[in-house]
Amino acid sequence: MRSLKMLDIAVVMDPIGAIHIAKDSTFAMLLEAQRRGHRLHYVLPGGLGLCDGRAHGPCAPLQVRDDPAGWYTLGEAVNRPLAGLDAVLMRTDPPVDAAYLHDTHILSLAQREGVLVVNDPQGLRDLNEKLAAFLFPQCCPPTLVSRDPAALRAFVEEHQQAVLKPLDGMGGRSIFRANAGDPNLNVILETLLGGSKSHPGQLVMAQRYLPEIVAGDKRILLVDGEPVPYCLARIPQGREFRGNLAAGGRGEGRALSERDRWIAAQVGPELKRRGMIFVGLDVIGDWLTEVNVTSPTCIRELDKQFHINIAGMLFDAIERRIATRNNEAE
């Protein structure tokens, strides 16, 4: 699908000057939007706000280049209503804290004025990346989410090995593997739960350890509910059990298996219905472990290995949605 007209595309992201362009999926999206002739606008970090009930933000004209020596040029930022834009890419990394949630509320107001927000702000608020997988329990391994240390210890004992993690982490941070009888289990739980006698602490997720992790934690990308035909298996290295690239995992592209496609078919239609246009599924062996909706990545690695254009697929979907909206408004 080719662009029918020039669009105004804004991006809300982490500071562009600090990204690693060889691996940054947001950057791939910006390159594709620019290639199609769209105008790019960079929302200065922390700049979203309201003025007389309308979503505003300081937006700077942006140009990008696939050049590690200098990959962007910004013009002068001007505070403007977001309603004049065609689409906003919401791509800041977790944590999904109060500041993040407030930004999604502001983007919901922009959406009400006709701006396409990718991904849908309501979905970003509703779909915790650890818990969203359990909208599809048929796809998930045995899991417990609890603040009760006794229940979490019993889960580890039942399954002999388990992975314990917080609900708001990313990149493999604060993930622990524990065995039944592990003398460090109490310390792990104290670290994850926090809390005190007067405060129950944080929810912790315990999942049965999946030995298939040695073959990789697969990232499957969905574009408007449909899977990209290849995934990136993030393979743990050395004595590390985590496959996350941020934790030192090695990325290896693979074609989707029959089971991968089955999981995508279970998940895709519901996420599309919720306005989740670009999503990353984490799959270990035959099991869905997470649904990433905030800032899923791996575009550049898969594009390079398989000579595809995932950002192109995404902008085909964005342009279709904008064209449909415009037609309905006429």
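This text goes with the structure placed above it.
Counting buried positions over the 5 residues of strand β12 (residues 204-208) gives 4, a clear majority of the element. Note that strand β9 (residues 143-146) and β12 share 4 bridges and pair antiparallel. Counted as the bridge partner of V145 is M205 from β12. In this structure, strand β10 (residues 161-166) lies alongside β12, joined through 5 bridges in antiparallel fashion. Looking across to β12, one finds that K165 is bridged to M205.

As a further point, take the pattern of salt bridges. Scanning the entire structure with this criterion turns up 20 salt bridges. We note a salt bridge from E319 to R36, for which the minimum N-O separation is 3.0 Å. One end of the pair, E319, is in helix α8 (residues 310-329); the other, R36, is in the loop between α1 (25-35) and β2 (39-43), with 283 residues separating them in the sequence. Of the two residues, E319 and R36, neither departs from the other in class, the shared state being buried. The shortest N-O distance in the salt bridge between D224 and R321 comes to 2.7 Å. Here D224 is found in the loop between β13 (217-223) and β14 (226-227), whereas its partner R321 is found in helix α8, with 97 residues between them in sequence.

For the rest of this paragraph, the subject is empty space enclosed by the protein. Taken as a whole, this structure holds 1 cavity of 30 Å³ or more when the rule is applied. Space inside the largest cavity adds up to approximately 50 Å³. Lining the largest cavity, in full, are M29, L89, M90, R91, V118, N119, F278, V293, T294, P296 and L314. In the lining of the largest cavity, the residues fall into 8 nonpolar, 2 polar and 1 charged.

This paragraph deals with the sheet that holds β12. Across the sheet, 4 strands lie side by side as β9-β12-β10-β11; this open sheet has antiparallel pairing. Edge strands, defined here as strands with exactly one partner in the open sheet, are β9 and β11 (176-179). Sheet twist, expressed as the mean angle between neighbouring strand axes with direction ignored, is 25°. Bridge count for β10 against β11 is 4 bridges, and the pairing is antiparallel. Residue V163 lies in a different strand from β11, and its bridge partner there is R177. Lying over the sheet, helix α5 (residues 185-193) contacts β9, β10, β11 and β12, oriented at roughly 25° with respect to β10.

About the thresholds
Residues numbered from 1 in each chain as written. Predicted model: local features only at pLDDT ≥ 70, side-chain atom pairs only at ≥ 80, totals over all residues. Heavy atoms only, no water. Buried < 20%, exposed > 50% of the residue type's maximum accessible area, 1.4 Å probe, protein only. Helix = DSSP H or I, 4+ residues; strand = E, 2+ residues; numbered from the N terminus. Pairing = 2+ DSSP bridges. Salt bridge = Lys/Arg side-chain N within 4 Å of Asp/Glu carboxyl O. 1 Å grid on protein atoms, 1.4 Å probe; cavity = no way out; pocket = protein on both sides within 12 Å on 5 of 7 lines; lining within 4 Å. Points joined across faces, edges and corners; volume = space filled by probe spheres on them. Nonpolar A, V, L, I, M, F, W, Y, C, P; charged D, E, K, R; others polar. Axes fitted to C-alpha atoms, helices over the stretch in contact; angles between N-to-C directions. Contact = heavy atoms within 4.5 Å.

Without other data, these values stay purely geometric and don't point to any function.
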